[in-house]
Amino acid sequence: MVPMTPLAALPGAENSRPVTLSRKAKAAIVVRLLLNEGADIPLEDLPDEMQAQLTKQMGAMRLVDRDTLASVVSEFADELESIGLSFPGGIAGALESLDGRISKQTAARLRKEAGVRQYGDPWARLRDLNAEKLLPVLENESIEVAAVLLSKIDVARAAELLGKLPGPRARRITYAVSQTSAVTPDAVDRIGLSLATQLDAEPLKAFDSGPVERVGAILNSAPSITRDDVLEGLDETDAGFADLVRKAIFTFANIPKRIAPRDIPRVVRELEQEVLVTALAGADAAGMKASADFILENMSGRMADQLREEMEEREKVKSSEMEEAAATIVASIREMEAAGELLLVVEESDEG
């Protein structure tokens, strides 16, 4: 064991006599030892009452002899080794452990039923928000609240936010910072909790994506006849929504407008040659010759010639085979986009 510095013990205890220690006293000894050894113990996570008891216990102790210290340390080590699994204390800890693994609706309901605040340190959450999210607070909250917020976030973010405010308000908030020395920690905590709750008070959404993206994804996978029929119906019902859906849709026919020529070789490398030949051979009959030509024109001449030879040798491609091959190509492109391997070109509006 490493050499131990003298630690506090119960008042009046003599080093030569065995001392019967309470669990509080043993806890104080272990904490004092760990602090002496430079350990970073998150005591602030303990309930306030427990922090107070620990502090009072340490204040009531003086010296501990080496034998007592060794006995306490040994007992502590044995207890640690006997623990097979630990759970977070209370519903708040359980919700934190399960964050992202249970639905937001369930988490919100459990917090409300148990009266659990959503944030341990709300300022840790606020410091992680970007300037765009925090700017409305400085614009709409009182000068005093804005000054507290500016004092609690990092200097670079505070400077960025000040630069986005009108001069007179920026000056008023900056002056108010000089008046925050008398603000109590409890008040700062309440302000942080209120701001964090407001900023996260957006209604829970049943869907991860918007209606345009959802309809676009469905029509992407639908047969072209169904897709055209649905879009025609949407034109009659809501032309604006139909236009947005068309921009969200990506099909084989969209390849010339949505894929950069330099990306075609990368797309082709991800495809089985049989699938590519089937789609290219059936493109003319399906009214998508432009897409086939675009693909062939933007790959190496040698490979394009080889594909054209295979296309000529193919028997007539059924429309269902063409649809399936085209869908496979589109799915591959979508996967590459999701992986960040290519960017789809954004089609400009016809209006401008």
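- As annotated in an unreviewed UniProt entry, the protein chain is Flagellar motor switch protein FliG from Roseobacter insulae.

**Focus on the packing of helix 17 (residues 273-283) against helix 18 (residues 289-297)**
Line of reasoning, step 1. Relative orientation of the contacting elements helix 17 and helix 18 amounts to 130°, with a least axis distance of 8 Å. In terms of orientation, helix 17 and helix 18 fall into the oblique class. The interaxial crossing formed by helix 17 with helix 18 has left-handed handedness. Seen from helix 17, the contacting residues are Leu 276, Leu 280 and Ala 283; seen from helix 18, they are Lys 289, Ala 292, Ile 295 and Leu 296.
Line of reasoning, step 2. Residue composition of the contact of helix 17 with helix 18, grouped by class: six nonpolar, no polar and one charged.

**Points about the nonpolar core**
Line of reasoning, step 1. With 32 residues, the main nonpolar core has Phe 252, Ile 255, Ile 259, Ile 295, Ile 329 and Ile 333 as its most contacted residues.
Line of reasoning, step 2. Contributions of two or more residues to this core are made by helix 16 (264-269), helix 17, helix 18, helix 19 (301-313) and helix 20 (319-338).
Line of reasoning, step 3. Considering every element that reaches this core, the biggest residue donor is helix 20, with seven residues.
Line of reasoning, step 4. Beyond its immediate chain neighbours, meaning those up to four positions away, Ile 329 contacts Phe 252, Ile 255, Leu 271, Val 275, Leu 276 and Ala 279.

**So, the packing of helix 1 (residues 23-36) against helix 2 (residues 48-59)**
Line of reasoning, step 1. In contact at an axis separation of 9 Å, helix 1 and helix 2 are set at 85° when each is read in the N-to-C sense. Judged by the angle between their axes, helix 1 and helix 2 are roughly perpendicular. On the side of helix 1, the interface is formed by Lys 24, Ala 25, Ala 27, Ala 28, Val 31 and Arg 32, while helix 2 contributes Gln 53, Leu 54, Gln 57 and Met 58.
Line of reasoning, step 2. Of the residues in the contact of helix 1 with helix 2, the class split is six nonpolar, two polar and two charged.

**Looking at the confidence of the model for the protein chain**
Line of reasoning, step 1. For the protein chain, mean pLDDT is 82; residues scoring 70 or higher make up 86% of the total.
Line of reasoning, step 2. Scored below 50 in pLDDT, residues 1-17 makes 44 contacts in the model with residues more than four places away or belonging to other chains.

**Remarks on a nonpolar patch on the surface**
Line of reasoning, step 1. A surface patch of nonpolar side chains, about 280 Å² in accessible area, is lined by Phe 76, Leu 80 and Ile 83.
Line of reasoning, step 2. Looking at the element boundaries, Leu 80 is found in helix 3 (residues 66-82).

**Some details on helix 3**
Line of reasoning, step 1. Helix length check: helix 3 (17 residues) gives 24 Å between terminal C-alpha atoms against 24 Å at 1.5 Å per residue, within 8%.
Line of reasoning, step 2. Among all positions of helix 3, only Thr 68, Leu 69 and Val 72 are buried. Buried residues in helix 3, looked at end-on, bunch into an arc of 100°, giving them a common side. The exposed residues of helix 3 that point more than 90 degrees off its buried face are Arg 66, Asp 67, Glu 81 and Ser 82.
Line of reasoning, step 3. Considering only its buried residues, helix 3 is in contact with helix 1.
Line of reasoning, step 4. Regarding helix 3, its N-cap is Asp 65, as a side-chain oxygen of that residue lies 3.0 Å from the backbone nitrogen of Asp 67 further along.

**Focus on helix 20**
Residues spaced three or four apart along an α-helix point in a common direction, a consequence of the helix completing one turn every 3.6 residues.
Line of reasoning, step 1. Between its terminal C-alpha atoms helix 20 stretches 28 Å, which fits the 28 Å expected from 20 residues at 1.5 Å a residue.
Line of reasoning, step 2. Restricting attention to buried positions, one finds in helix 20 the residues Met 322, Ala 325, Ala 326, Ile 329, Val 330, Ser 332, Ile 333 and Met 336. One side of helix 20 carries all its buried residues, which in axial view fall inside an arc of 155°. Facing away from the buried side of helix 20 by more than 90 degrees, the exposed set consists of Glu 324, Glu 335 and Ala 338.
Line of reasoning, step 3. Downstream of helix 20 by a residue or two, Gly 340 has a phi angle that is positive, lying close to 80°.

Scoring rules and cut-offs
Residues numbered from 1 in each chain as written. Predicted model: local features only at pLDDT ≥ 70, side-chain atom pairs only at ≥ 80, totals over all residues. Heavy atoms only, no water. Axes fitted to C-alpha atoms, helices over the stretch in contact; angles between N-to-C directions. Helix = DSSP H or I, 4+ residues; strand = E, 2+ residues; numbered from the N terminus. Parallel < 35°, antiparallel > 145°, perpendicular 65-115°, else oblique. Left-handed = near helix turned anticlockwise from the far one by under 90°. Contact = heavy atoms within 4.5 Å. Nonpolar A, V, L, I, M, F, W, Y, C, P; charged D, E, K, R; others polar. Core = buried A, V, L, I, M, F, W, Y, C linked by side-chain atoms within 4.5 Å. Buried < 20%, exposed > 50% of the residue type's maximum accessible area, 1.4 Å probe, protein only. pLDDT = per-residue confidence, 0-100. Patch = residues over 30% accessible without salt bridge, like charges linked within 9 Å, V, L, I, M, F, W, Y side chains within 5 Å. Areas by Shrake-Rupley, 256 points an atom, 1.4 Å probe, with all protein chains shown as cover. Salt bridge = Lys/Arg side-chain N within 4 Å of Asp/Glu carboxyl O. Expected span 1.5 Å × (residues − 1). Arc of directions from axis to C-beta. Polar contact = N/O pair within 3.5 Å; in protein donor to acceptor, adjacent residues only side chain to side chain.

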